[in-house]
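Remarks on the overall topology
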Amino acid sequence: MNRAALLALRGRRLLDSLHNRFFNERNEKVTQTLLLLATALILTVLIVPGQRFHSAQYNAGEIAPADIKATQSYLLEDPSLTEKKRSEAEKSTPFVYNFLPAKGDDLKNRFARGFALLVNSRSQDNTDHVQLLSKLSQEFGCPVTPVELASLEKIRNTRALLAEIGRVADSIYRYKLVNDKTVFNEDRRHGIVLYESRSGRLFGAGDASITAIDLKDAAGIVRDMHVSGIDRKEAAVVKGLFLKALKPNLTRNQTATDAKRAEARSSILPVVYQIKRGEMIVREGERISDEQAIKLNKIYSSSQGINRFLAGTGIFTLILVLFYFPYRFGRKNIRKFNPALKDLLFLSLVTILLFLFLKFAFIVSSAMGILFPQIGTDDYFYLLPFAAGAMIVRIILNSEVAMVYCAVTALLLGVLFNSNLEIVIYALMGGIIGAHGVRQCQYRGTIYTAGLKVSIVNLALAIPFQILSDNLFTSQTLYILVFALVGGVVNSIVVAGTVPVVENLFHYTTDIKLLELASLNSPVLRELMIRAPGTYHHSILVGTMVEAAAEAIHANPLMARVAAYYHDIGKISKPLYFIENMCGGENRHDKLSPSMSALILISHVKEGVELAKEKRLGVPIIDIIRQHHGTALITFFYQKAKSAEDPDARNVEERDFRYPGPKPQTREAGLVMLADCVEAASKTLTDPTPSRIQGMVQKIINNIFIDGQLEECELTLKNLHDIANSFNRILSGIYHHRIDYPEPAFKVSGRKKVVEDSNREQAKTPSNRDEEDKKVGGEDLKRLGIHR
């Protein structure tokens, strides 16, 4: 194939690549649009039924604008008949009377204590009559006048008087004493219930055999009372006090009666009748009657199709706006906000399930008001896991996506809960704190710690909400504070149960998953250890180096270490074609052309990606495997191909000897590339002193930097300086020198003793070589823009 044909073929391939890329991007945009519309539609269906809408109202006396028929069958309440039945039930409710059993001895004892007070007052020289009157009034249970006091002081023989008082009181309280016998008899004909306050039992409901007297009858009995030993005036005073001291023991309890009536009224269910489909309700031009107005309002309150359609359209449009424009802002302005199609599908599913769960919880909380009327319905909102969505997104994706997601969903949650601004603030702050709490979540316990942080911010928000609503010093505040604290734990429980499902369903790699992959007993690493032990050892060392470097530049040490363990798993299929696994045997590349050798080396990246996909190691690990060589040049075989005695050697293309890339896109990928090259180059040092290691590290980093491999991974020059220092420290520890052993070590081989020369001399580093190494290292640092 001549050069022109080769260029034409490459041009055709480039056009095909651009064409496929255009259509792939177009298909992805179509898919994203459909996903957006589907998500908005489902959320609209969830939100719309909870909103309040206005409907047409028809009033009695208006003129019907058209013939109106029932479009379907309805069950309609008859308010007049319902009210009639409830009134009848209310009127038939018996009156409740409080009954307090009384004895004549009680009244006799009160008079006895009163006379005792008088006897005591006579023995005192200075008697306070005002105080005495107060005490007598308290004992008799009625006010005592000074005239009555003067008459009582004249009585000396009280024993016979008290006996007569007890006898008359017993004769009166044999009956039920009421205030007005006429009113009582009317109530008894209607029906009464006696309530004994001491025992708390009801009895005598509607009993016509109850005999009662009123205070007038009692006055006649008292007038016939025979009082001996005192004159007529004092007797009249005693009888008057006796009547005033008498208290009815059967009285109507109006509060209990009203409660019984309300209970009877509420026990009557609404009376309904059916409107048949097609039934004519009112004709055009007719004046609407009360009954027709009720029917029309029932029909239009049950079918608000047009209003619901318009409201649904508004909600749907609002959701599209809230989803699209923050997404576009994030893509254009937030560096790490770049969700793929799978991520968008995950966000859509999480949002729908969250809203579905909260909608169900909203309905349940409304029903809880019936079971626990002392707890306000809105109090249960503090229990709901508003922050769970943002926490899950932060664990699965990153902080940037979680922040945008939290802001958008908080607004929609406010709409879901009847445009409640407090819900917006509560969901937004809980989501922010929850997402911050689960950053770099490497253990399940981190989720519960984040839940406690959400509980604290929930509590901090609940108090000002109660102050603003002027309900701080009420019993509801206690319930709200408890629910706010428990709400954070509810969030953590939901997140802890959801994350493993998301990991398996979408094949995401979280920090928790990375800890599982970091186990050296994983099947892939064990196979690598058995089939390619040199590569395995190299990967472990690279993992140690990148973890220390990631901590130095504040990257993700766990991600870097795990990616380093798996970055060369593609060498499992052809381990003997890589120098670390040859173990001093023949070099198989000696029998291959340089281009074939380059293809074998390049193929380990592709095979590593395929194996990682097969083992479901996760997208971040796969990306680092794909990027850990970037587009670097395989210099040895390229130079070998260029120097070969081949007339077509001048046609050797450099890109045929470069890895396909892409270049490292993240700091962790850049770290793996640097550590991979540095660790491999360190094996070539014959005398790895700290100075030589430093020079070698700076040279490798410098070459990679100059080659442009770090252009897309956000590593700064300061980061490169910190990385170099970290590599120097790790490699110096690995290649440290040991002291001389005092005696040789013996090893038995068959019948002979073989002496190993273990008296290794410490490496002697001339001072001039130290100075030279430092000079070279300093020049490399200057080329990177770093001065020391």
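In this text, all values refer to a predicted model and were calculated from it rather than measured experimentally.

What counts, and at which threshold
Residues numbered from 1 in each chain as written. Predicted model: local features only at pLDDT ≥ 70, side-chain atom pairs only at ≥ 80, totals over all residues. Heavy atoms only, no water. Salt bridge = Lys/Arg side-chain N within 4 Å of Asp/Glu carboxyl O. Helix = DSSP H or I, 4+ residues; strand = E, 2+ residues; numbered from the N terminus. Buried < 20%, exposed > 50% of the residue type's maximum accessible area, 1.4 Å probe, protein only. Axes fitted to C-alpha atoms, helices over the stretch in contact; angles between N-to-C directions. Parallel < 35°, antiparallel > 145°, perpendicular 65-115°, else oblique. Left-handed = near helix turned anticlockwise from the far one by under 90°. Contact = heavy atoms within 4.5 Å. Nonpolar A, V, L, I, M, F, W, Y, C, P; charged D, E, K, R; others polar. 1 Å grid on protein atoms, 1.4 Å probe; cavity = no way out; pocket = protein on both sides within 12 Å on 5 of 7 lines; lining within 4 Å. Points joined across faces, edges and corners; volume = space filled by probe spheres on them. Polar contact = N/O pair within 3.5 Å; in protein donor to acceptor, adjacent residues only side chain to side chain. Phe/Tyr/Trp six-rings, centres within 6.5 Å; stacked < 30°, edge-to-face > 60°. Patch = residues over 30% accessible without salt bridge, like charges linked within 9 Å, V, L, I, M, F, W, Y side chains within 5 Å. Areas by Shrake-Rupley, 256 points an atom, 1.4 Å probe, with all protein chains shown as cover. Pairing = 2+ DSSP bridges. Core = buried A, V, L, I, M, F, W, Y, C linked by side-chain atoms within 4.5 Å. pLDDT = per-residue confidence, 0-100.

**Section: the pattern of salt bridges**
Using the criterion set out here, one finds 17 salt bridges in the structure. With a closest N to O distance of 3.8 Å, K513 and E516 form a salt bridge. With a gap of 3 residues between them, K513 and E516 both fall in helix α19 (residues 511-517), about one helical turn apart. Given a relative accessible area of 24%, K513 falls into the partly exposed group. With its nearest N and O atoms 3.2 Å apart, the salt bridge here joins E547 to R561. Here E547 is found in helix α21 (residues 533-553), whereas its partner R561 is found in helix α22 (residues 557-566), with 14 residues between them in sequence. Accessibility expressed as a relative area gives 16% for R561, which makes it buried. Salt bridges sharing common partners tie together E83, E90 and R265.

**Concerning the packing of helix α14 (residues 388-396) against helix α18 (residues 475-506)**
Following both chains from N to C, one finds α14 and α18 inclined at 40 degrees, their axes separated by 9 Å at the closest point. If you check the angle between α14 and α18, you find them oblique. The crossing of α14 and α18 is right-handed. For the pair α14 and α18, the contacting residues are A388, M391, I392, I395 and I396 in the first and N491, V494, V495, T498, V499 and V502 in the second. Residue classes in the contact of α14 with α18 are distributed as 9 nonpolar, 2 polar and no charged.

**Regarding the layout of surface pockets**
There is about 1,600 Å³ of room inside the largest pocket. As for the largest pocket, its lining consists of 37 residues, and the residues nearest its centre are K336, L397, N398, P620 and T666. Within the residue set of the lining of the largest pocket, elements represented by two or more residues are α13 (341-371), α14, α15 (399-416), α24 (619-627) and α26 (667-682). Considering each element in turn, the lining of the largest pocket owes the most residues, 5 residues, to α24. When the residues that make up the lining of the largest pocket are grouped by side-chain class, the tally is 15 nonpolar, 11 polar and 11 charged.

**Remarks on α22**
Along α22, 10 of the 10 residues are buried, which leaves the element largely enclosed by surrounding structure. Regarding α22, the residues found buried are P557, L558, M559, A560, R561, V562, A563, A564, Y565 and Y566. Considering only its buried residues, α22 is in contact with α19, α20 (523-531), α21, α24 and α26. N-cap assignment for α22: the residue whose side-chain oxygen lies 3.2 Å from the backbone N of L558 is N556.

**Focus: the packing of aromatic side chains**
Applying the stated criterion across every chain yields a total of 15 aromatic pairs. With centroids separated by 5.4 Å and ring planes inclined at 65 degrees, the aromatic side chains of F346 and Y508 adopt a geometry described as edge-to-face. Residue F346 is found in helix α13, and its partner Y508 is found in the loop between α18 and α19; the two are separated by 162 residues along the sequence. Pairing F362 with F417 gives two aromatic rings, centres 5.0 Å apart and planes at 45 degrees, and the pair type is tilted.

**Comments concerning a nonpolar patch on the surface**
Where nonpolar side chains cluster on the molecular surface, the patch consists of L349, L353, L356, V501 and L505 and spans about 460 Å² of accessible area. Breaking the nonpolar patch down by element, the ones donating at least two residues are α13 and α18. Broken down by element, the nonpolar patch gets its largest block of residues, 3 residues, from α13. With respect to the helices, strands and loops of the structure, L505 is situated in helix α18.

**What to know about unusual backbone geometry**
A cis amide bond links G661 with the next residue in sequence, P662, at an omega value of 5 degrees. Topologically, P662 is positioned in the loop between α25 (635-643) and α26. Even without being glycine, R616 reaches a positive phi, approximately 55 degrees. Tracing the chain through its elements places R616 in the loop between α23 (594-614) and α24. Phi at E714 takes a positive value of approximately 65 degrees, unusual for a residue other than glycine. Structurally, E714 is set in the loop between α27 (690-706) and α28 (717-734).

**Digging into the environment of V147**
With respect to the helices, strands and loops of the structure, V147 is situated in helix α5 (residues 146-153). We classify V147 as exposed; its relative accessible area is 57%. The spacing of V147 and V237 is 90 residues in sequence and 8.8 Å in space, taken between C-alpha atoms.

**Focus on empty space enclosed by the protein**
With the rule as written, the count across this model stands at 2 cavities of 30 Å³ or more. In this structure, the largest cavity spans a volume of roughly 40 Å³. What lines the largest cavity is simply L354, F386, A387, G389, A390, Y405, C406, T409, A410, L413, A427 and G431. Where the lining of the largest cavity is concerned, the elements lending two or more residues are α14, α15 and α16 (421-437). Tallying contributions element by element places α15 first for the lining of the largest cavity, with 5 residues.

**Description of the pairing of strand β3 (residues 95-99)**
Counting buried positions over the 5 residues of β3 gives 4, a clear majority of the element. Taken together, the 5 bridges between β3 and strand β5 (residues 192-196) define a ladder with parallel strand orientation. Pairing of F99 across the sheet is with E196, part of β5. Examined bridge by bridge, β3 and strand β8 (residues 250-252) share 3 bridges and lie antiparallel to one another. Directly across from F99, in β8, lies its bridge partner L250.

**Structural notes on the nonpolar core**
Formed by 70 residues in total, the largest nonpolar core has its most connected members in F346, F386, I396 and F417. With near-sequence residues (within four places) excluded, F386 lies in contact with L358, F381, L413, F417, I423, Y426, A427 and N491.

**Description of the side chain of T509**
With respect to the helices, strands and loops of the structure, T509 is situated in the loop between α18 and α19. Within the structure, T509 has its side chain in polar contact with the backbone oxygen of L617 (distance 3.1 Å). Apart from the residues lying within four places of it in its own chain, the contact partners of T509 are L514, L517, L617, G618, V619 and P620.

**A word on the environment of K298**
The topology assignment puts K298 in helix α11 (residues 290-302). According to the relative accessible area criterion, K298 is partly exposed, its value standing at 28%. For the pair K298 and L76, spaced 222 residues apart in sequence, the C-alpha separation works out to 7.1 Å. Other than its neighbours up to four places away in sequence, K298 contacts L75 and L76.

**Here we look at the confidence of the model for the chain**
Do not read the predicted coordinates in detail wherever pLDDT is low. For the chain, per-residue confidence averages 81 on the pLDDT scale, and residues scoring 70 or more make up 82% of the total. Throughout residues 745-767 the model reports pLDDT below 50, and contacts reaching past four residues in sequence, or to other chains, amount to 30 contacts. The low-confidence segment residues 776-788 (pLDDT under 50) makes 27 contacts with residues lying over four places distant or belonging to another chain.

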